[in-house]
Structure formats: structure tokens, C-alpha cells
Amino acid sequence: MKISVIGAGYVGLTTAACLAQIGHDVFCGEKDPEKLARLRSGKLPIFEPHLDTVIDAACKAGRLRFGSTEEAVEWGVAIFICVGTPPLPNGDADLHAIEAVASIIAKRATGYRLIVEKSTVPVQTGAQLRRHLGGHRTRSLDYDVASNPEFLREGTSVEDFLHPDRIVVGVESARAADMLREIYHPIIDQRIACPLHADCPPRKAPRFLVTDTNSSELIKHASNSFLAMKISFINMVSDLCEAAGADINKVAEGIGLDPRIGPSFLQPGIGFGGFCFPKDLQAFVRIAEKFGCDFTLLKEVERINQKRVDLMVEKIKTELWVLRGKKLCVLGLAFKPNTDDIRFAPALSIIRRLQTEGAQIQAYDPKAMDRAMQEIPDITYCQNVYEAAQNAAAVVLLTEWKEFQNLDWERLSGLVDRPLIIDGRNCLSRDVVASHGFEYVGLGGISAAAQIPAAVVNG
Ligand SMILES: NC(=O)c1ccc[n+]([C@@H]2O[C@H](COP(=O)([O-])OP(=O)(O)OC[C@H]3O[C@@H](n4cnc5c(N)ncnc54)[C@H](O)[C@@H]3O)[C@@H](O)[C@H]2O)c1
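Note that the structure is a prediction, hence the values are computed from the model and not measured. (Residues numbered from 1 in each chain as written. Predicted model: local features only at pLDDT ≥ 70, side-chain atom pairs only at ≥ 80, totals over all residues. Heavy atoms only, no water.)

**Things to note about unusual backbone geometry**
Here is the rule: Put simply, DSSP H or I for four residues or longer makes a helix, DSSP E for two residues or longer makes a strand, and each gets a number counted from the N terminus.
In this structure, Q190 is a non-glycine residue whose phi angle is positive, near 55 degrees. Here Q190 is to be found in the loop between α8 (174–188) and β8 (207–211). You will see that F344, though not glycine, has its phi angle at about 55 degrees, which is positive. Relative to the elements of secondary structure, F344 occurs in the loop between β9 (327–331) and α13 (346–356).

Encoded structure:
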């Protein structure tokens, strides 16, 4: 099918690449000239594992091209809107990019079009879109509006798109449902040339859930808010563990063994960030307020999350006392591993706070440093962990990149001023780092003093 994707960000590029991968003829429209120029020269404006190879293959096969929004709108019979919906200062989702795309569709598209909201939007946005198109369209445009929220996770977006656990579509006509089923047919049947696994193991077919547009829109906000709630819950319990002398890692394991709860999203840490959870939670609360529903529960989830930054800064101050003039080795800037995305990353908030206390930050992140430099230019960006550790008063881990779990601890302990690790993600083995002479401070009662080498103990 001829498909257009509007917006070449994390969601739009993955959608365009994967729809081309499963055989569609895709045009991806982007309004940012710099991004567009990069894409046209074969470079990606973001880092996302495997996306470069899928895009490269699709372009070479002639199934994916990039251009302006106007060109894209004229191309596809289905148009997937994947533009950003950032938060306004009051927490509402800013829908101006959605409206701008709708205006271009109304002006430029002719014949029948299925307009699909893939961006995360508040309930009733579909109805609003229908009204807007109805009021501005040329007479030759016939259209359906559908909702198809995206559940991919940055860092595993290609895998999530091609092997999802569910595909949700919100429609108001059988024609729209049929078209979406046809578009996703290879994924629903899991009959895809999987670019990720040479010998792709048989997968469980995802559930294709058809609802009305309002319900589909609500499913996305409710899903993200629920996951955010799980994270704040475990962080809250983590604080109690720390105060009462329990071990949050064991407590989380025990809770997660209940299949009704499950083990994921039960990792204590410095809080959730990124372009989804913080803004979607806020937007969901605002929507509820507008409809007169009491969402105090989710306000608390947000409040607990914001306090994680204070908690981490306090932890660092407790260990180091005065921060002024001290060098801190900060590992991780991205809001999560395997992405270069720093939007609403708690690491950046923590760094800013440490800077105001006078600390000198020596940071390293495998992928997010270029982006972080735009936001925080006045820290030292290092080539690797060991450079960042030089003469540091502590190693502060803020993003749980896998490579941080397998460091040369012996080498590291020789570089730092004091062998102290403050693990904001509870992702290191306290016993391993302690055996290399590090004091370890984690969250939720997970700490360990450096182990005295056997030679010393034995005299
Ligand atoms: N990032 C995620 O993990 C994720 C996951 C699921 C859903 N979502 C939702 O998907 C949407 C997009 O998120 P993202 O992370 O991809 O955002 P993004 O900021 O990375 O990408 C949005 C892109 O849209 C482009 N754009 C804006 N207006 C345009 C226009 N008129 N024409 C063409 N392009 C235009 C921007 O220049 C940008 O490149 C948001 O609503 C987000 O909440 C994001």
C-alpha cells in the first residue's frame, strides 16, 4: 500500500522503516530541513539500534523515500501522523503540530485518505481532527480518521514495532479497520522478513484490538500512566526499605514473582524521564481534570517521581559532604540505555543541581553526549569512563548502560580520588565492586563497604 508517515523522529522513522520493511511503499515527510537533508544523504538524525540498517535496505529497495510534508501528504492513501506532542507549561499536550499537519492534508490531499494518529494525543483528538478536516478540506477529499497509538520503546523500537504484543486501532468505520488490518497483516501473522534475527524464532501473533477512537486514545495514556505508577510505587517502597533496613532488590523480586504484578518496571532508581512518561502522565491528569474526574493518584505518581532528583542529590551530598570544587564522574546522560534521547532525562536535572552546589562534572555516555552538549555545555565530556573517573571524588551512575556493568573496576579504582560508587539505578553488583575496593551506595538499603583484600586480613 502507498503509505505516508509525517514526522521523522523516533516514532516516525521507526514506523516508516518498518512499514517499508514489511512491503509497503512509504514516503516519510519531515519539516525540519536539517533533519531532512541528513536523511536524504543517508544519515540518521537519531540513534536507535538497527534502524540504520532497516532504513538503508528499504531505501535501496526503493520502498522508502524522504521529502516535505506536502509531498508526503500527496503520496499515501494512508497517512500516519507521528509528530511531537510536547507538554505545554500547564501540562496539556501541545497539539499545534497535529493541527498543522491536518491543515496541510485538508489543503493538499485529494480522493480518499485514511488519516491515522500515531502520535500520543488526548482522548477526543480524533473527533477534533475530523472537525478540523471537515471545516478546511477541499471538496475532493474524502477521509476517515483513526487512532493507532504506538507502544514502542526507544532502544528497542524496531523489535517492538515488528514483534509487538498488541496493535490497537480506534476506528469509526469498517473501511478504516479493514485498511489498518491490511497494513499490519504481515505483523499480525508474524510473516515478516525479520531484519533483526537471521533465524527469527516463531513469535506469538500480536492481538489486533479494534476499538472506537476515544477508547484507543485513552488506552495509550492509561498504559503509560500505569507503567509510571509502577515505577513510582517501587521507588516509594525503596525509600521505606532504606529507612527500615530491608533490601529493595529482594523486595522487588518477591513482589514481581506474582504473575498478577510481574517483574518489569520494579527497578528502583532516579525516576522516569524521556518524551513519554512525564508528559503523558501530566496530560492524562489534565484531561481527567477537564472531565471532572479525580486523578489525585496520578498526581502523587508525578510528585514521587520529581522527588527522586532531590533524593539522589541528597545521597551524593551525604556521602561527600561539601560538593564545591569536587570532581564527580557521572556515568550516563540519556533517560534510559540504548538511546541518545535526553528529553526529560533525570540525569540532566541531577547534573544541573550538582553544578549549583559547585561540583565539577566529568561525564560520559555512550550515545547521548552530542545532544547533552546542546543542553549543558559547561561540563566536561569525556571519551570514556576511565577519562571521566580521573581524580573523581565519586562515580555517580545515572543511566544503566550495559557497558557500565562490566567495567575494569581495578583500573577504575586506581584513577579515582576516592573509590566510591553511588548507583542511581541499582544496576551494579555491590559485591563485585566492593571486592575491588569500592564503597557502594545504592538505593533502597543496598550498600556495601569495600572488602578488605585477603592479603591484608591474613596479615
Ligand atoms: N519516543 C517514543 O518512545 C514514543 C513512543 C510512543 C509514542 N510516542 C509519541 O509519538 C509522537 C512522536 O514522538 P517522537 O519521540 O517520535 O518525537 P520526535 O520529536 O522525535 O519527532 C517528531 C518529528 O515530527 C516533526 N514534525 C513536526 N511537525 C511536522 C510537520 N508539520 N510536518 C512534518 N514533520 C513534522 C519534527 O520535526 C520531528 O522530527 C509523540 O506524540 C510521542 O508522545 C513516542
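The discussion continues.
**So, the pattern of salt bridges**
Stated precisely, the cut-off is as follows: Should a side-chain nitrogen of Lys or Arg be within 4 Å of a carboxyl oxygen of Asp or Glu, the pair is scored as a salt bridge. Here's how the labels work: a residue is buried when its accessible area is under 20% of the maximum for its type, exposed when over 50%, partly exposed in between, all with a 1.4 Å probe on protein chains only.
The final tally for this structure, using the stated rule, is 31 salt bridges. Between R108 and E74 there is a salt bridge, and its shortest N-O distance comes to 2.8 Å. Of this pair, R108 sits in helix α5 (residues 96–108) while E74 sits in helix α4 (residues 69–75), and the two are 34 residues apart along the sequence. For R108, a relative accessible area of 38% puts it in the partly exposed group. For R286, the salt bridge goes to E289, with nearest N and O atoms at 3.4 Å.

**Topic: the sheet that holds strand β11 (residues 380–381)**
For clarity, the threshold we go by: For two strands to be treated as a pair, DSSP must find no fewer than two bridges joining them. Throughout, a contact is declared for two residues whenever any of their heavy atoms are within 4.5 Å. Interaxial angles span 0 to 180 degrees and are taken between N-to-C directions of axes, which are lines fitted to C-alpha atoms, for helices over the stretch in contact.
Pairing is mixed across the open sheet formed by seven strands, whose spatial order is β11-β10-β9-β12-β13-β14-β15. Sheet topology places β11 and β15 (447–448) at the edges, where each strand pairs with a single neighbour. Its contacts with the sheet place helix α12 (residues 296–320) against β9, β12 (394–397), β13 (420–423) and β14 (439–441), and it is angled at close to 165 degrees to β13.

**Quick look at the site of the ligand**
Counted only if it meets this: Here a residue counts as near a molecule or strand whenever at least one of its heavy atoms sits within 4 Å of it. Pairing of N or O atoms within 3.5 Å defines a polar contact, subject to two protein rules: one partner must be a possible hydrogen donor and the other a possible acceptor, and residues neighboring in sequence count only if both atoms are side-chain atoms. In short, Shrake-Rupley with a 1.4 Å probe defines the accessible areas, and a residue's cover is counted only from the protein chains shown. Nonpolar residues are Ala, Val, Leu, Ile, Met, Phe, Trp, Tyr, Cys and Pro. Charged residues are Asp, Glu, Lys and Arg, and all others, Gly as well, are polar.
Near the ligand there are 28 residues, and of these E30, K35, T85, E154 and K279 occur at the shortest range. The contact in question runs from an oxygen atom of the ligand to an N or O atom on the side chain of T85, over 2.6 Å. In the environment of the ligand, a nitrogen atom lies 2.7 Å from a nitrogen or oxygen atom belonging to the side chain of E154. Protein chains bury 91% of the 830 Å² of accessible surface belonging to the ligand in isolation. Put simply, the parts of the chain that give the shell around the ligand at least two residues each are α1 (10–21) and α5. For the shell around the ligand, the class distribution of residues is eleven nonpolar, eight polar and nine charged.

**Side note on the packing of aromatic side chains**
For the record, the criterion: For this analysis, a ring pair means two rings from Phe, Tyr or Trp (six-membered ring only for Trp) whose centres lie within 6.5 Å, classed as stacked if their planes differ by under 30 degrees, edge-to-face if by over 60, and tilted for the remaining angles. To sit over a ring, a charge needs its Lys NZ or Arg CZ within 6 Å of the ring centre and within 35 degrees of the ring normal.
Enumeration over the complete set of coordinates arrives at seven aromatic pairs. The rings of F265, F272 and F277 are connected pair by pair, giving a single aromatic cluster. For the cation-ring pair, K2 lies above W75, with the distance from its terminal atom to the ring centre recorded as 4.3 Å. Just above the ring of F151 sits the side chain of R166; from NZ or CZ to the centre is 3.7 Å.

**Let's talk about the side chain of D160**
Topologically, D160 is positioned in helix α7 (residues 157–162). Take D160: its relative accessible area is 11%, and that puts it in the buried class.

**Some words on the packing of α5 against helix α6 (residues 125–136)**
Where we set the bar: By convention the crossing between two helices is left-handed if the near helix lies anticlockwise of the far one by an angle smaller than a right angle, and right-handed if it lies clockwise.
Running from amino to carboxyl end, α5 crosses α6 at an angle of 35 degrees, the nearest separation of the two axes being 9 Å. The crossing of α5 and α6 is right-handed. Residue-level inspection shows I98, E99, A102, S103, I105 and A106 of α5 in contact with α6, the latter providing L129, H132, L133 and H136. Among the residues making up the contact of α5 with α6, the classes are represented as six nonpolar, three polar and one charged.

**Thoughts on the side chain of E48**
To keep it simple, the criterion reads: Charged-residue counts in this description rest on Lys and Arg as positive and Asp and Glu as negative, His and the chain ends being excluded.
Relative to the helices and strands, E48 resides in the loop between α2 (33–40) and α3 (51–60). Among buried Asp, Glu, Lys and Arg side chains, E48 stands out as unpaired, with K336 the closest opposite charge at 7.6 Å. Separated by 3.2 Å, the side chain of E48 and the backbone nitrogen of T156 make a polar contact. Discounting chain neighbours no more than four positions away, the residues touching E48 are Y10, R153, E154, G155, T156 and S157.

**A look at the pairing of strand β5 (residues 111–117)**
Two faces, one strand: in a regular strand the side chains alternate between the faces of the sheet. Put simply, the rule is: For the handedness criterion, the strands are oriented away from the viewer, and a crossover whose path from the first strand over the helix to the second runs clockwise is classed as right-handed.
The buried fraction of β5 is high, at six of seven residues. As paired strands, strand β4 (residues 78–81) and β5 are joined by four bridges and run parallel to one another. Within the sheet, the bridge partner assigned to I79 lies in β5 and is I115. Following the backbone out of β4, through α5 and into the adjacent parallel β5, one traces a crossover that is right-handed. Pairing of β5 with strand β6 (residues 141–147), which is carried by seven bridges, proceeds in the parallel orientation. From the neighbouring strand, V116 faces β6, where its bridge partner is A146. On the question of chirality, the crossover connecting β5 to the parallel β6 by way of α6 is right-handed.

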